[in-house]
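# Per-entry structural report
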Number of protein chains: 2
Amino acid sequence: MGKLLIVGTVAFDAIETPFGKTDKILGGAATYIGLSASQFGIDSGIISVVGGDFPQEYLNMLNSKHIDTSGIEIKPEGKTFFWSGKYHNDLNTRDTLITDLNVLADFNPVVPDKFTDCDFLMLGNLHPSVQMSVIKQIPKRPKLVVLDTMNFWMDNTLEELLEVIKKIDVITINDEEARQLSGEYSLVKAAEKIHRMGPKYVVIKKGEHGALLFHDGNVFFAPALPLEEVFDPTGAGDTFAGGFVGYLASTYDISFENMKRAIIFGSNLASFCVEKFGTERMENLSQREIQNRLKQFKELTQFEIELN
Amino acid sequence: MGKLLIVGTVAFDAIETPFGKTDKILGGAATYIGLSASQFGIDSGIISVVGGDFPQEYLNMLNSKHIDTSGIEIKPEGKTFFWSGKYHNDLNTRDTLITDLNVLADFNPVVPDKFTDCDFLMLGNLHPSVQMSVIKQIPKRPKLVVLDTMNFWMDNTLEELLEVIKKIDVITINDEEARQLSGEYSLVKAAEKIHRMGPKYVVIKKGEHGALLFHDGNVFFAPALPLEEVFDPTGAGDTFAGGFVGYLASTYDISFENMKRAIIFGSNLASFCVEKFGTERMENLSQREIQNRLKQFKELTQFEIELN
């Protein structure tokens with residue numbers, strides 16, 4: 001079993017969907033990644049920054065999931081990063097209403113000593129210079145480095161992003177971002193071009209249309225589970241990434257066959273995340289529920305055809 | 001092995017994509033369905049109508065694939081149905097430039113005697129009154145009746161369409177059409193509502209995002225094969241339906257497990273259809289190519305996870 005280090009935002013979100021709206025609730029990429037990865041019973045830690053307004057009870061909740069929060073810097077005079085968004089009726093698109101960077105604006109990540117020997121490093125969506133700083137603080141290269149990013153960094157800090165992308169093993173981005181980064185419409189061609197930028201593994205997230213894993217001419221696809229209701233898509237991509245890297249860390253096996261399973265586990269966990277507002281569903285999830293839904297994934301995708 | 005009867009258009013298409021354009025070439029739903037189903041070595045026949053301008057060589061080509069064309073009425077004084085369309089750059093959307101119904105405007109389908117005992121009936125996308133007329137001409141209900149339709153008939157002849165939908169076993173429509181027909185955004189809920197209209201099986205086609213099969217609380221998903229290039233999507237949905245029903249006819253097995261395989265075979269054949277303009281690729285397809293691509297489908301979708 002490997003030790004997992006997660007870098008990313010720990011934040012407040014205020015979310016509006018066609019089904020309701022929330023006040024400021026717990027959010028952030030590292031939060032979702034951590035909660036998802038914690039399902040595999042691994043040792044993990046988060047590196048992030050919050051303000052003096054961040055409730056201790058949230059940290060306690062993360063600790064109760066065996067997530068080490070000693071790498072979450074608390075700036076007593078500052079305020080926690082805050083994002084507010086409103087989803088459209090189809091839940092596939094949203095408007096960002098507020099982005100208050102607050103303490104995130106001058107975040108200098110510090111990797112605690114006990115995590116400089118991590119085996120798995122998950123670089124959540126953040127400024128590429130923060131991601132690079134963490135990579136440089138780890139003397140022995142981890143077994144696997146996974147990076148998530150978004151179009152905002154491609155638009156504004158492309159050179160720095162490309163430097164980070166050179167140094168990682170797996171990139172997870174959505175289909176539109178893969179097209180933007182590569183300049184190719186076909187996702188097959190996009191993945192090939194992104195391979196050449198550095199990552200040996202390219203994971204393309206297509207939301208309700210599933211996810212693709214590309215590696216060395218091979219491709220694997222996991223659908224999203226068709227759901228009666230999607231309540232709140234916030235954090236689904238991070239939950240997917242957390243399930244992916246959490247499963248790999250728990251098995252300590254980065255073969256392509258095992259990455260297929262990791263993609264399925266990631267999709268499986270993301271299907272829970274969207275059932276309630278924010279992190280609520282991920283905080284209250286049993287192994288029995290996860291196993292039952294894995295059974296649904298098998299029934300959804302597995303068939304028997306003899307090849308001639 | 002079952003006998004398959006196909007009702008649908010046999011037509012001329014003129015197609016423009018970002019990669020080029022064609023003059024009038026062979027097209028039509030029944031043509032694509034027939035060519036796709038013919039890959040399974042079954043007895044099939046087409047019921048349709050063409051004008052005096054329809055080349056004998058096209059009929060000969062269909063006959064060479066063991067497709068009976070005696071049910072294709074030739075109206076010497078009339079002109080063949082003509083459709084012309086232009087695809088946008090993403091190939092997911094298109095503008096219809098010309099729709100000349102011609103001989104299709106007053107089509108009265110006549111089921112030849114030799115097909116009144118068909119085991120499988122595929123009602124291609126056509127006016128629901130034509131589809132109903134064919135159902136009524138078959139004295140003994142076929143083992144399976146599959147219907148394809150589109151939003152045009154929902155907009156203009158909904159009552160007649162709903163009468164036909166009551167009488168069939170399987171409906172194949174795309175995701176937007178499923179939403180329109182049911183009034184539900186969630187495809188799971190849409191399928192449930194459509195079940196209650198009659199069909200025990202609901203197949204929802206999502207184009208490049210694959211296809212879903214719903215039956216009695218079960219759901220199966222087949223992705224579209226990720227392709228480097230999609231050249232011309234025309235006929236892909238009909239090719240999918242033809243592969244689906246052709247495989248079922250060839251195996252004479254309409255269990256849910258076998259329908260899963262039929263969905264995979266349909267997706268497999270559709271992945272060839274889009275590689276060249278019109279029917280070209282489907283006219284020249286080897287069993288070896290089909291088997292090789294089935295292997296790709298297995299690698300794309302199959303995984304091993306032990307359930308606890």
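What comes next concerns the included structure. Note that the coordinates shown come from a computational prediction; the quantities given were computed from them, not determined experimentally. (Residues numbered from 1 in each chain as written. Chains lettered and ligands numbered in written order. Predicted model: local features only at pLDDT ≥ 70, side-chain atom pairs only at ≥ 80, totals over all residues. Heavy atoms only, no water.)

## Considerations on the pairing of strand 12 (residues 170–174) of chain B
Residue and element names in this part refer to chain B. Among the five residues of strand 12, four are classified as buried, and the element is accordingly described as predominantly covered. Note that strand 11 (residues 144–148) and strand 12 share three bridges and pair parallel. Residue pairing across strands places Val146 opposite Val170, the latter belonging to strand 12. Bridge analysis of strand 12 against strand 13 (residues 201–205) gives five bridges, and the strand direction is parallel. Bridged to Val170 within strand 13 is Tyr201. (Buried < 20%, exposed > 50% of the residue type's maximum accessible area, 1.4 Å probe, protein only. Helix = DSSP H or I, 4+ residues; strand = E, 2+ residues; numbered from the N terminus. Pairing = 2+ DSSP bridges.)

## Some points on the interface of chain A and chain B
With 39 residues of chain A at the contact, the number on the chain B side is 39 residues. Both faces considered, chain A and chain B share a buried interface measuring about 3900 Å² in area, 56% of it formed by carbon and sulfur atoms. It is A:Glu228, A:Phe303 and A:Ile305 that lose the most area in chain A upon contact with chain B, and together they represent 18% of the buried surface on that side. Where chain A packs against chain B, one counts two salt bridges. The residue A:Lys189 makes a salt bridge to B:Glu229 at a minimum N-O spacing of 2.7 Å. Counting the contacts that link chain A with chain B gives 20 residue pairs in polar contact (both at pLDDT 80 or more). Mapped onto the side of chain A that touches chain B, the elements with two or more residues apiece are helix 7 (187–197), strand 15 (218–222), helix 9 (256–273) and helix 11 (287–301) of chain A. (Contact = heavy atoms within 4.5 Å. Buried area = accessible area lost by both parts, 1.4 Å probe. Salt bridge = Lys/Arg side-chain N within 4 Å of Asp/Glu carboxyl O. Polar contact = N/O pair within 3.5 Å; in protein donor to acceptor, adjacent residues only side chain to side chain.)

## Details of the environment of B:Ile47
Residue and element names in this part refer to chain B. Considering the arrangement of structural elements, one finds Ile47 in strand 5 (residues 44–51). Assessed through its relative accessible area of 0%, Ile47 is described here as buried. Residues Ile47 and Thr9 lie 38 residues apart in sequence; the distance between their C-alpha atoms is 8.4 Å.

## A few points about the relation of the copies chain A and chain B
Once chain A is rotated about the relating axis by 180° and shifted along it by 0.0 Å, it coincides with chain B to within an RMSD of 0.0 Å. Taken together, the rotation and translation describe the operation of a two-fold axis. Comparing interface residues between copies, 100% of those in chain A also sit at the interface in chain B, which points to an isologous, same-surface contact. (Least-squares fit on C-alpha atoms with pLDDT ≥ 70 in both.)

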